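Structure assessment
Here are the chains, one letter per residue:
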Amino acid sequence: MTSVAATRRSRITPEREAELYGAVLQLLREVGYDALTMDAVAAGTHSSKATLYRQWGSKPELVARALKHGRPGAARGVVDTGSLRGDLLDAIVHGFDNCRIEQDAALMRGVGRAAHDNPELLRALRELLIEPSIADLRVLLDRAVERGEIRADNPALDLVPHMLVGALISRELIDGHPATQDFLATYLDAVLLPALRA
């Protein structure tokens, strides 16, 4: 499956791919996943629907790849700042501004709801976005274990993705305010790091 997707996707330039992903994310913000159509993407990007299907195969794959491409820091990889706190701040807080945090949280809430009713979308999100993001997170957690900052047997290690997604998505539901850089930094210092260092 991966080789087929790679073969399909080899025909457009990185710049054109980035343009298409940007258009998909904009449409997602405007109309949501269910109302987003390949026709609308084609019209908005001056592409043919056939080209979109040839390159991505399906709407779920296109959306998942657009979300992955739109992640802050996706192109530069995992940065080593020398400390777990610095690495987490770089990966989670500094890669976003407050407007982007609010937009992305709303986007992920909408796509997450759609994934509950769409197994193909859920599979694409797990394969193309969630699992690679968790792998990146695991790199910086493993570095912290090697540096002696946290214990390898701490059960909170496996819960870090859940804590981060919860912090990002649930703040508006609980407090009526979007997550911000300050909120995420406070959450990191008050909740996540103490749990990891316990």
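Parameters and conventions
Residues numbered from 1 in each chain as written. Predicted model: local features only at pLDDT ≥ 70, side-chain atom pairs only at ≥ 80, totals over all residues. Heavy atoms only, no water. Helix = DSSP H or I, 4+ residues; strand = E, 2+ residues; numbered from the N terminus. Buried < 20%, exposed > 50% of the residue type's maximum accessible area, 1.4 Å probe, protein only. Contact = heavy atoms within 4.5 Å. 1 Å grid on protein atoms, 1.4 Å probe; cavity = no way out; pocket = protein on both sides within 12 Å on 5 of 7 lines; lining within 4 Å. Points joined across faces, edges and corners; volume = space filled by probe spheres on them. Nonpolar A, V, L, I, M, F, W, Y, C, P; charged D, E, K, R; others polar.

**Let's talk about the environment of Leu157**
Its location among the elements puts Leu157 in the loop between helix H8 (119-147) and helix H9 (160-175). By relative accessible area, which is 4% here, Leu157 ends up buried. When the C-alpha positions of Leu157 and Leu192 are compared, they lie 9.7 Å apart, and in sequence the two are 35 residues distant. Each residue touching Leu157, except ones within four places of it in the same chain, is listed here: Arg138, Leu141, Val145, Ile150, Arg151, Ala152 and Leu196.

**Digging into unusual backbone geometry**
Positive phi outside glycine occurs at His46, with the angle close to 55°. Summarising the element assignment, His46 is placed in the loop between helix H3 (38-45) and helix H4 (49-56). Assessed through its relative accessible area of 73%, His46 is described here as exposed.

**Quick notes on empty space enclosed by the protein**
For the coordinates displayed, the defined rule picks out one cavity of 30 Å³ or more. By volume, the largest cavity amounts to about 40 Å³. As for the largest cavity, its lining consists of Ile101, Glu102, Ala105, Arg109, Leu168, Ile169, Arg171, Glu172, Pro178 and Ala179. If you list the elements that add at least two residues to the lining of the largest cavity, you get helix H7 (98-116) and H9. In terms of residue class, the lining of the largest cavity is made up of six nonpolar, no polar and four charged.

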